[in-house]
Amino acid sequence: MQGSSSGPISLNVLTSKNTGELGPPCRAERVAVAIDFHGGATDPLEPELGNASGGREMKKNLFFITLLIFAITVTACGEEENRTITLLTHDSFWISDEVLQEFTDQTGTKVELQMAGDTGQLLASAILTASNPAADVIFGIDNTFLQRALDADIFSTYESPSLRHVPEEIQLDSKHRVTPIDFGDVCINYWIDSFDSDLPAPESLEDLIDPQYYGQLVVQNPETSSPGLAFLLATIAEYGEDWETWWAGLRDNGVTVTSGWEDAYEGEFVAGGGDHPLVVSYASSPPAEVIYSETPISSPPTGVLTDTCFRQIEFAGVVNGTKHQETSEALIDFMLSKKFQEDIPNSMLMFPASTDADLPKIFSDFAEVVENPYMLAPDYIEENRNDWTERWTEIVLR
């Protein structure tokens, strides 16, 4: 032979991506082995004619190479089968098991859920662990907290091709550090049977400070409640600098304040056995009444004042520093897929962000689609939030 075929052999394992992350699904052919025979042979796999010892040596080398390739393939497949990525989210997140299982079937990756309380606690947890991320993807930061998340630089940039199905007006980050997944509208809900021709249901924010509705409304504290904050923002969007005057009027009109949505809707509101016929809730609350009614009902007992609504948009983003960048991006794509999006209404009582998703019949029949909800820019909210809530406390609670 020209040169020795018995010199050292090096094997370079080439994974499916340059990142070293083995791509799904597990296939033996996705692991390539480059063989480097040192010693200068021009054709190391062909022994020199008449050199029997060289041929025997080469067969031995090939035998060990075959075993090594098999071991590498098994190891690589094992890593894929056991791969998990972590989705950090709020306590209200719920998607059908079969939907998340479809992502696992498609990618070979299991999604592990990590709950972190409400939206504020979720964001605080993400910021505290930014230098050593505990998650790969975060879902549940809404537009009222969005600017704080962007300023903390906890997300990497990723523009999903599925954004073509998402309306531009809810794509609030032009750099695509976050992706809109769902939205909902925080609105005044009313108990239909509490109103009639003598006392019709109010229609606007201005109606709520009318003395004929004295003591009928229950709201949540914006310092402790997401819908409470959204409703405060709706009034600021409507009245601008005069929002304080409006809230002083509401205080004088006997408004009741609770710490959270559950205390308001399931405690003080008529639906929960209380005596208040007006409450801050969601445009999706009427279909929820039908879905969760203890006895079957054909229509909801509640309605929505669509001129009082503030739009909440929930986002997902890939965490800066994840070790599974491409799989995390795949999860963002999956969360915009028709399968995931169509599970959102019945699971989380929100509207899907994608226009490609069909609404379930109960939503299309009973959920109010708000045409012109109130919205404020995320940076404007972040700049003024603390001042607004402190001033609200002084006006309403002191």
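Everything below is about the structure printed above this text.
Now for a look at the structure at hand. (Residues numbered from 1 in each chain as written. Predicted model: local features only at pLDDT ≥ 70, side-chain atom pairs only at ≥ 80, totals over all residues. Heavy atoms only, no water.)

## Details of the state of the cysteines
Rules: Count a disulfide wherever a pair of cysteine sulfur atoms falls within 2.5 Å. Helix and strand labels come from DSSP, where a helix needs a run of H or I of at least four residues and a strand needs a run of E of at least two; each type is numbered from the N terminus. Each residue's exposure class comes from its accessible area (1.4 Å probe, protein chains only) as a fraction of the maximum for that residue type: buried when under 20%, exposed when over 50%, partly exposed otherwise.
What the rule picks out here adds up to one disulfide. Linked covalently through their sulfurs, Cys187 and Cys309 form a disulfide whose S-S length is 2.0 Å. Judged by the sign of its S-S torsion, about 115°, the bond between Cys187 and Cys309 is right-handed. Of this pair, Cys187 sits in strand E6 (residues 179-191) while Cys309 sits in strand E10 (residues 302-318), and the two are 122 residues apart along the sequence. Summarising the burial analysis for this pair, Cys187 and Cys309 share the class buried.

## A look at the pattern of salt bridges
Rules: Any Lys or Arg side-chain nitrogen found within 4 Å of a carboxyl oxygen on Asp or Glu counts as a salt bridge.
Enumeration according to the criterion identifies eleven salt bridges in this entry. Note that Lys339 and Glu102 form a salt bridge whose closest N and O atoms lie 3.8 Å from each other. Placement of Lys339 in helix H10 (residues 338-341) and of Glu102 in helix H2 (residues 97-107) is noted, with a sequence separation of 237 residues between them. Notably, a salt bridge pairs Asp358 with Lys338, separated by 3.4 Å at the nearest N-O pair. Placement of the pair is Asp358 in the loop between strand E11 (351-352) and helix H12 (361-366) and Lys338 in helix H10, with a sequence separation of 20 residues.

## As for helix H3 (residues 119-128)
Put simply, the test is: In this description, the arc belongs to the directions extending from the helix axis to the C-beta atoms. The contact criterion used throughout is that any non-hydrogen atoms of two residues lie within 4.5 Å.
Within the sequence span of H3, burial applies to Thr119, Leu122, Leu123 and Ala126. For H3, the arc enclosing every buried residue in end-on projection is 95°, short of the 170-degree limit, so these residues lie on one face. For H3, the elements touching its buried residues are strand E3 (84-89), strand E5 (137-142) and helix H4 (146-151).

Worth remembering: the numbers are spatial, not functional.
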